[in-house]
Amino acid sequence: MAVHAHPDDESSKGAATMARYVREGVDVLVVTCTGGERGDILNPKLAGDPEILANMAQIRRAEMERAREILGVRQEWLGFVDSGWLEDYRPEHADKLPDGCFGREDVATAAQPLIKLMREFRPHVVITYDEEGGYPHPDHIQCHRVSVAAFDAAGDAQVHPELGEAWQPLKLYYHVSFTRSQFTALHEACLAAGIDSPYAELLADWPADRDKGDRVTTRVECGAYFPIRDDALRAHATQIDPDGGWFRAPLTIRQQGWPTEDYQLAKSLVDSPTPESDLFAGIRKEGLV
């Protein structure tokens, strides 16, 4: 189960991992907390289109459905309303967010539909964002808090018994994306191939406090599934510029330079020494899947 804040997040974080596991026979469910209703049109080719602006919620649902088909996953909506972007956001600023949005929901209350889904789907592994949301978007931070609360509560039969029979997921992971080591490897792969690196300026301006590469415990080899990830990203046409930063370097360079997606093992109820190369490490060993 991969829990995400908005439609498109599932395609920009962990998509190749999910595509790999689906094609190995794993049942994968993407849970999308909000409808992305307050998302900006980030594709300059569509910017300002009045029809898109008037129908953002429906369009983003249609984009999500197309991405879901490409990845081969199941998908469920939690039904919360997008909080929108707030500069320099921290959870104590929640009162500055729009009324009724996801970021203003009580965490214990907002976790209930996710507890129900965990008990119904019965995942062994749950993936979400770290305590900073990966980056400080109100919905990403709330997604982290709700995911952790649901992970801890789903296996406790005394907690909300009306939400179904208790089920305890065994491992909780956080995405670790866009590390300095990743972009350095991609930069060097470009130079080795004799092409201009689109990452040079990014690395030169890299903030000293931005990197989380030291958190990585688990690297999943999934370069062969990057074409599927790219197609899923492009399905979110209002959010992803097909000529933009996601595709800075040629596909082959990205596959050769950094062929993994990376994670931090945050909680585990099975013995799984790190570093790992499989989200199901320890679970397979115990014969639990």
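Residues numbered from 1 in each chain as written. Predicted model: local features only at pLDDT ≥ 70, side-chain atom pairs only at ≥ 80, totals over all residues. Heavy atoms only, no water.

J.: What am I meant to see in the packing of aromatic side chains here?
T.: Describing an aromatic ring pair means giving the distance of the ring centres and the angle of the ring planes. Under the defined criterion, the tally for this structure stands at 8 aromatic pairs. Taking the centre distance of 5.3 Å and the plane angle of 80° together, the rings of Tyr-21 and Phe-280 count as edge-to-face. Residue Tyr-21 is found in helix 2 (residues 15-23), and its partner Phe-280 is found in the segment after strand 7 (260-268); the two are separated by 259 residues along the sequence. Exposure class is identical for Tyr-21 and Phe-280. Each is buried. The interplanar angle of 55° and the centroid separation of 5.7 Å between the aromatic rings of Phe-178 and Trp-246 together place this pair among those described as tilted. (Phe/Tyr/Trp six-rings, centres within 6.5 Å; stacked < 30°, edge-to-face > 60°. Helix = DSSP H or I, 4+ residues; strand = E, 2+ residues; numbered from the N terminus. Buried < 20%, exposed > 50% of the residue type's maximum accessible area, 1.4 Å probe, protein only.)

J.: Please explain unusual backbone geometry as it appears in this structure.
T.: Here the amide bond leading from Thr-274 into Pro-275 is cis, since omega sits at 5°, within 30 degrees of zero. Along the chain, Pro-275 falls in the segment after strand 7. A positive phi is found at Asp-88, a non-glycine position, where the angle reads about 55°. Turning to its location among the elements, Asp-88 is positioned in the loop between strand 3 (74-80) and helix 5 (107-110). Note on Asp-88: relative accessible area 58%, which makes it exposed. Its identity as a non-glycine residue notwithstanding, Arg-122 has a phi of 60°, on the positive side. Here Arg-122 lies in the loop between helix 6 (112-121) and strand 4 (125-128). Look at Arg-122 and you get partly exposed, because its relative accessible area is 36%.

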